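Listed below are the residues making up each chain.
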Amino acid sequence: MRLTSFTDFGLRMLMRMAADPSRAISTAELAEALGLSRNHLAKIIQHLARAGLIETRRGGGGGAVLARPASEIRLGQVIRLLEEGQPLVECFGADGGACSIDTRCRLKARLRSAEAAFLTDLDRSTLADIALPPLPKNLVVSQ
């Protein structure tokens, strides 16, 4: 299974935030740490905020923080959210795709089962399990 870059960067961002959950991290800081444009990161932040996984704060000392403890955020939940609308294969899409063997396909059920097992396994782990170790205070992040 291959995850989209949207999900990949969303997970990296959450891992970074989980490393220091009490501190709001600015979009600029996250963008620099992840090597992303601020615009791309803003889309990920909006998606996670709408889902209630993070909160955003404006103004001085503002930024993004986890909305609940990292130990309560299941990895499978995060991936389902970020991969929403990105079917594993075309025939899993809302419109069913343009598969010419759909009615005779024996692969579809196996792929659904594998995808479910993948997400179930990830549901056994939380964001706290994969949080990045905090950066030393004297280390400056740059790319």
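Structure first, text after, so check above.
Conventions used here
Residues numbered from 1 in each chain as written. Predicted model: local features only at pLDDT ≥ 70, side-chain atom pairs only at ≥ 80, totals over all residues. Heavy atoms only, no water. Helix = DSSP H or I, 4+ residues; strand = E, 2+ residues; numbered from the N terminus. Buried < 20%, exposed > 50% of the residue type's maximum accessible area, 1.4 Å probe, protein only. Areas by Shrake-Rupley, 256 points an atom, 1.4 Å probe, with all protein chains shown as cover. Salt bridge = Lys/Arg side-chain N within 4 Å of Asp/Glu carboxyl O. Contact = heavy atoms within 4.5 Å. Pairing = 2+ DSSP bridges.

Draft legend 1. Seen up close, the overall build of the protein. Looking only at helices and strands, the protein features 6 helices and 2 strands. Starting at the N terminus and ending at the C terminus, the protein contains elements arranged as α-α-α-β-β-α-α-α. Going through the 143 residues of the protein one by one, you find that 31% of them count as buried. Accessible surface computed for the protein: about 8900 Å², of which carbon and sulfur atoms make up 51%.

Draft legend 2. Summary view of the pattern of salt bridges. Applying the stated criterion across every chain yields a total of 6 salt bridges. Salt-bridge contacts for Asp-123 lead to Arg-80; the nearest nitrogen and oxygen are separated by 2.8 Å. Of this pair, Asp-123 sits in the loop between α5 (107-122) and α6 (127-130) while Arg-80 is found in helix α4 (residues 75-82), placing the two residues 43 residues apart along the sequence. A relative accessible area of 23% means that Asp-123 is categorised as partly exposed. Judged by its relative accessible area of 38%, Arg-80 is partly exposed.

Draft legend 3. Representation of α4. Among the 8 residues of α4, 6 are classified as buried, and the element is accordingly described as predominantly covered. Taken together, the buried positions of α4 are Leu-75, Gly-76, Val-78, Ile-79, Leu-81 and Leu-82. Looking at the packing, one finds that the buried side of α4 touches α1 (5-19), α3 (38-50), α5 and α6.

Draft legend 4. Quick peek at the pairing of strand β2 (residues 63-66). Burial of β2 is two-sided: the residues Gly-63 and Val-65 facing one way and the residues Ala-64 and Leu-66 facing the other way are all buried. Of the strand pairs in this sheet, strand β1 (residues 54-57) and β2 are connected by 4 bridges, and their pairing is antiparallel. Directly across from Ile-54, in β2, lies its bridge partner Leu-66. In this antiparallel pair of consecutive strands, β1 and β2, the connection spans 5 residues, and Gly-59 shows a positive phi of 85°.

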